[in-house]
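Observations on the three-dimensional arrangement
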There are 2 protein chains.
Amino acid sequence: MTIKKDLVIVGAGPSALAAAVYTTREEISTVMCEKGVVGGLAAITDWIDNYPGFAKGIKGMDLASQMQDQAERFGAEIQYAEVAEISDGDDFKIVKTTDGELHAKAVLIATGSAYRQLNVPGEKEFYGRGVHFCATCDGAFYRDKKIAVVGGGNSAVQEALFLLKFASHIDLLVRSEVKASEVLQRELDEKVKQGKITVHLGVTPTGISGDNGKFSKVLAKQNGKDVEFTVDGVFVFIGLIPNTAFLNGSGIKLDESGFIKTDANLQTNLSGIFASGDVRSGATMQIASAVGEGATAALKIREYLEKQKHHLITLPTESV
Amino acid sequence: MTIKKDLVIVGAGPSALAAAVYTTREEISTVMCEKGVVGGLAAITDWIDNYPGFAKGIKGMDLASQMQDQAERFGAEIQYAEVAEISDGDDFKIVKTTDGELHAKAVLIATGSAYRQLNVPGEKEFYGRGVHFCATCDGAFYRDKKIAVVGGGNSAVQEALFLLKFASHIDLLVRSEVKASEVLQRELDEKVKQGKITVHLGVTPTGISGDNGKFSKVLAKQNGKDVEFTVDGVFVFIGLIPNTAFLNGSGIKLDESGFIKTDANLQTNLSGIFASGDVRSGATMQIASAVGEGATAALKIREYLEKQKHHLITLPTESV
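Quick caveat: nothing in here was measured; it's all calculated off a predicted structure.

1. Details of the interface of chain B and chain A
Listed as interface residues are 64 residues of chain B and, on the opposing side, 64 residues of chain A. Regarding the contact of chain B and chain A, the summed buried area is about 5,700 Å², with carbon and sulfur atoms giving 50% of it. Joining chain B to chain A, the criterion identifies eight salt bridges. The shortest N-O distance in the salt bridge between B:Arg25 and A:Asp49 comes to 3.4 Å. Summed over the shared surface of chain B and chain A, the number is 39 residue pairs in polar contact (both at pLDDT 80 or more). Every element with two or more residues in the side of chain B that touches chain A is listed here: helix H1 (14-25), helix H3 (60-73), helix H4 (135-138), helix H5 (154-163), helix H6 (182-193) and helix H7 (287-310) of chain B. With eleven residues, the top contributor of residues to the side of chain B that touches chain A is H7(B). Considered class by class, the residues forming the side of chain B that touches chain A number 27 nonpolar, 20 polar and 17 charged.

Given below as structure tokens:
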């Protein structure tokens, strides 16, 4: 079965949903392909404090379902399937999924990226409720609390230093040794001297443990011995993985970390294929930014579709 | 009286408020300078259908006050003053306002832009309730309705063609003659033949008239004679004016239409001075995009302030 649409969006997270609100409201027929959860990382985030428009914050699940309802109200469709391949047809793009082929005039890739996880027992259970991957998102919940930070690279050290704006003490859990730039290392040393950060080398987390369903500690091995860190929460900074594996062989240009490169119109190097949100090179991992890019991408896609219709390359811009 | 802050934001519209939510939540002391209404154009928009997160839409005033409450909850301050000048001090920026001087480590310009208006009686009264300036925002409210479009340039013709997705008929009111690109002119001619668009040349709108407080018609002069167009609403596309007049002499680079040029970090050509939202070159005039850029700008400003503290130019990026 081949479905034909103006636009196929790969993913159904905040950036995809925002784009779909815009395109469907403007009668650009749109289907989103989602292999996992509608709402992306937002949907599995306990509480979102900083998405503008909700004075007191909102549950991640509620924000995701509001966005889904809004997109569906205008006619957006969601197909629960995994995209295996994107290629060029004659006058259209071919999107191969686990549930058949889609033909579209344009494609938006909004598959997001994932925080590299510890893959230890308890990590999923306490995601967003003790186990965190974003200091900007969740740091403010740990004012005057004790936390652990996992990681020893630049981002782990930088985020640990940032988290001291809130946390009273940080245990920095480093698998081998700290590999941060000289200036970060210097500032880290200073915080260690002040007793604000304690660095634990040779630590490999083995589990997250709770107490009556509430996060209580990080379990780990240190040089072969069992150790534990009783803290109020743990932040994990061991890397980001963009969801771009399915683009292998597509010809779409990625940056050295695997994120999609785009121009100022959020278009990839392939005409008619756009990218927005956390899968894009330069992404901030913030819902507001992903949503904003989704809206912008929708307008750029509208322009693209109109130009295709007119067989026109660029419209002269009007100065005012 | 001189107030010292980490960040001064010029403006208090959606982009400014989004940035302030982020910066204040991360303990970057922030004051917004606003000469008019908090919430910008959003605050005076009757109904906002496409800001992601509100399934059924939200009143513009309510969205603006939610954003304001959210920013103030984290400690953002608003100073009701007009900014006259931005200049460089020794280690800080000087923002001169009608209510004294502010010193800041960084400045975000988020003053937005304004739709060029007709400046006729009734226009303000029916703003957002019959008189519109954005087809993407409000076109969908006019499904199967008759509307008028004012303007004869590329954007007016392009938006009129777009509005035919919704409207059953359009009266195109043109002051002198249509000045659109050849391809737009050709498509316009086709719609005229189909009876979808009627072009009225030599028309100068003189007023918007209502009936029991409800929009009813556009009054105009055509070749010296009084005429009127009884429609369900009117869209005005006669240009955009970025709010950048106060930047004369600041050294901040603008594009040919007066919008602020920025790099990929939303920084202007002057270090430590950033711009986001509808005042930025390439702006979409969409709340979601402005909000997203505000959040992104806040993260870039955080990075900038940290680099200043470390006297560091760039942090090595980590590949994952």
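2. With respect to the packing of helix H1 (residues 14-25) of chain A against helix H3 (residues 60-73) of chain A
Residue and element names in this part refer to chain A. For the pair H1 and H3, the least separation of the axes is 8 Å and the interaxial angle reads 25°. Classified by the angle between their axes, H1 and H3 sit roughly parallel to one another. Between H1 and H3 the crossing geometry is left-handed. Judged by residue contacts, Pro-14, Leu-17, Ala-20, Val-21 and Thr-24 of H1 engage Ala-64, Met-67, Gln-68, Gln-70 and Ala-71 from H3.

3. Overview of the confidence of the model for chain A
For chain A, per-residue confidence averages 93 on the pLDDT scale, and 96% of positions sit at 70 or higher. As a predicted assembly, this complex carries a pTM of 0.86 together with an ipTM value of 0.85.

4. Details of the nonpolar core
Among the nonpolar cores identified, the biggest contains 78 residues, and A:Ile9, A:Met32, A:Tyr51, B:Ile9, B:Met32 and B:Tyr51 are the most heavily contacted of them. In contact with B:Ile9, other than residues within four places in its own chain, are B:Ala16, B:Ala19, B:Ala20, B:Thr30, B:Val31, B:Met32, B:Cys33, B:Leu108 and B:Ala110. Core analysis: the next-biggest nonpolar cluster, separate from the first, contains 24 residues, B:Ala140, B:Ala156, B:Ala160 and B:Phe166 among them.

5. So, the relation of the copies chain B and chain A
Laying chain B over chain A is done by rotating through 180° and shifting 0.0 Å along the axis; what remains is an RMSD of 0.0 Å. Both chain copies can therefore be described as sitting about a two-fold axis. If distances are taken from each C-alpha of chain B to the rotation axis, the shortest is found for B:Gly292, at 2.1 Å. Most of the interface of chain B is mirrored in chain A, where 100% of its interface residues are also at the interface.

6. Considerations on the sheet that holds strand E13 (residues 197-201) of chain A
Strand-to-strand pairing in sheets goes through backbone hydrogen bonds, with the strands running parallel or antiparallel. All names here are of chain A. One open sheet holds the five strands; their spatial order is E10-E17-E11-E12-E13, and the pairing between them is parallel. Edge strands, defined here as strands with exactly one partner in the open sheet, are strand E10 (131-132) and E13. Strand direction decides the pairing type here: strand E11 (residues 146-150) and strand E17 (residues 233-236), joined by four bridges, are parallel. Residue Val-150 lies in a different strand from E17, and its bridge partner there is Val-236. Strands E11, strand E12 (169-174), E13 and E17 of the sheet are contacted by helix H5 (residues 154-163), whose axis makes an angle of about 170° with E11.

What counts, and at which threshold
- Residues numbered from 1 in each chain as written.
- Chains lettered and ligands numbered in written order.
- Predicted model: local features only at pLDDT ≥ 70, side-chain atom pairs only at ≥ 80, totals over all residues.
- Heavy atoms only, no water.
- Contact = heavy atoms within 4.5 Å.
- Buried area = accessible area lost by both parts, 1.4 Å probe.
- Salt bridge = Lys/Arg side-chain N within 4 Å of Asp/Glu carboxyl O.
- Polar contact = N/O pair within 3.5 Å; in protein donor to acceptor, adjacent residues only side chain to side chain.
- Helix = DSSP H or I, 4+ residues; strand = E, 2+ residues; numbered from the N terminus.
- Nonpolar A, V, L, I, M, F, W, Y, C, P; charged D, E, K, R; others polar.
- Axes fitted to C-alpha atoms, helices over the stretch in contact; angles between N-to-C directions.
- Parallel < 35°, antiparallel > 145°, perpendicular 65-115°, else oblique.
- Left-handed = near helix turned anticlockwise from the far one by under 90°.
- pLDDT = per-residue confidence, 0-100.
- Core = buried A, V, L, I, M, F, W, Y, C linked by side-chain atoms within 4.5 Å.
- Buried < 20%, exposed > 50% of the residue type's maximum accessible area, 1.4 Å probe, protein only.
- Least-squares fit on C-alpha atoms with pLDDT ≥ 70 in both.
- Pairing = 2+ DSSP bridges.

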